[in-house]
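What the coordinates show
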Amino acid sequence: MDIRRRNNVTVTGRVDGPVLLLAHGFGCDQNMWRLVLPALTESYRVVLFDYVGSGGADPSAWDEPRYSSLEGYAQDVVEVVEELDLRDVTFVGHSVSAMVGVLAAAKAPQRLSRLVMVAPSPCYIDDENYRGGFSAEDIDELLESLESNYLGWSAAMAPVIMGNDDRPELGQELTASFCATDPDMARVFARTTFLSDTREDLKTVTVPTLILECRQDVIAPREVGAYVHDAIAGSRLVTLEATGHCPQLSAPQATVGAITDFLRVA
């Protein structure tokens, strides 16, 4: 299989620069990174891709059993870096992709050498002393609504996830991205995302890691950022002066600044 075509791989930036691999979250595609690209491509070789089931990825490669687990998405990442023969890669994962990066780093430690986790959450459901932000009933209702009327759910939820009510164009963009995703594939990715629990996998991380959180985020509250930071030895936690779950769109300059500051010393 042509991995580059399967995952709609794009390579841009400095040919001889350090490699950044940017991975999008649920309901999105590589276009979500467009506002941070101009600054990153000045100094870095930037690789973007779409997970199967998202964006411009080859829909014929869809395999429901594979993509019913985050391991399937992590395997996509490993196959992309192997196809391009990339080494010493900084993996930048947004939302659920932050945890995909944790799994991929365990699979390919010789290729992924740093992690940047943008608004990560290893578990969305509250559990005893852990606050993920949602009760089990909340997630059941969310998935039931998504599965019964995906387009309606997207129109209602995307602006909430994005936040920034004073900038409605951002919510409209995320809504359009959600609505462009095949509903059947999105339902699988949604279940994989919101029912995942990868807290134990955080303990496997041994590479330099940056955790970026927003000061207000309904999907990944700040308690989650603190939990991830505590679980990954030596990690750096940065709270961006931003709201919502997509700082690469709502606060691109702050996002780039935090990433580049981290890479100078990592």
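Note: the structure precedes this text.
Being a predicted model, the structure only gives us computed values, none of them experimental.

**Some thoughts on the overall build of the protein chain**
Looking only at helices and strands, the protein chain has 11 helices and 7 strands in total. Here the protein chain has a C-alpha radius of gyration of 17 Å; the compact-globule value for 266 residues is 18 Å, and the two agree. Each principal axis of the C-alpha distribution contributes one length, and for the protein chain these read about 45 × 40 × 35 Å. Out of the 266 residues belonging to the protein chain, those deemed buried represent 57%. In the protein chain, the proportion of contacts linking residues at least 24 apart, taken out of those at least 6 apart, comes to 76%. For the protein chain, the exposed surface amounts to about 11000 Å²; the carbon and sulfur share of it is 47%.

**Observations regarding the environment of Met32**
Looking at where Met32 falls in the secondary structure, it is placed in the loop between strand 2 (19–23) and helix 2 (37–40). For Met32, a relative accessible area of 3% puts it in the buried group. For the pair formed by Met32 and Gln248, sequence separation is 216 residues and the distance between their alpha carbons is 7.3 Å. Excluding anything up to four places from it in sequence, Met32 contacts Glu173, Leu174, Ser177, Gln248 and Leu249.

**Section: the pattern of salt bridges**
Applying the stated criterion across every chain, the model contains 21 salt bridges. With a closest N to O distance of 2.7 Å, Glu79 and Arg6 form a salt bridge. Of this pair, Glu79 sits in helix 3 (residues 70–83) while Arg6 sits in helix 1 (residues 3–6), placing them 73 residues apart in sequence. What emerges from the salt-bridge pattern is a single network uniting Arg6, Arg66, Asp76 and Glu79.

**Remarks on the packing of aromatic side chains**
Taken as a whole, this structure holds 14 aromatic pairs when the rule is applied. Where Phe26 meets Trp153, the ring centres are 6.2 Å apart and the plane angle is 70°; that geometry is what we call edge-to-face. Here Phe26, found in the loop between strand 2 and helix 2, pairs with Trp153, found in helix 6 (residues 150–162); they are 127 residues apart in sequence, far enough to count as distant. Each member of the pair, Phe26 as well as Trp153, is classed as buried. Here Tyr67 and Tyr73 contribute two aromatic rings whose centre-to-centre distance is 5.0 Å and whose plane-to-plane angle is 55°, an arrangement assigned as tilted. Residue Tyr73 is classed as buried on the basis of its relative accessible area of 0%. Put simply, the rings of Phe26, Phe49, Tyr51, Trp62, Tyr67, Tyr73, Tyr124, Tyr150, Trp153, Phe178, Phe189 and Phe194 touch in pairs and so form one group of aromatic residues. The ring of Tyr130 carries Arg199 above its face, with NZ or CZ at 4.7 Å from the centroid.

Rules behind the numbers
- Residues numbered from 1 in each chain as written.
- Predicted model: local features only at pLDDT ≥ 70, side-chain atom pairs only at ≥ 80, totals over all residues.
- Heavy atoms only, no water.
- Helix = DSSP H or I, 4+ residues; strand = E, 2+ residues; numbered from the N terminus.
- Rg over C-alpha atoms; globule rule 2.2 N^0.38 Å.
- Buried < 20%, exposed > 50% of the residue type's maximum accessible area, 1.4 Å probe, protein only.
- Contact = heavy atoms within 4.5 Å.
- Areas by Shrake-Rupley, 256 points an atom, 1.4 Å probe, with all protein chains shown as cover.
- Salt bridge = Lys/Arg side-chain N within 4 Å of Asp/Glu carboxyl O.
- Phe/Tyr/Trp six-rings, centres within 6.5 Å; stacked < 30°, edge-to-face > 60°.
- Lys NZ or Arg CZ within 6 Å of the ring centre and 35° of its normal.

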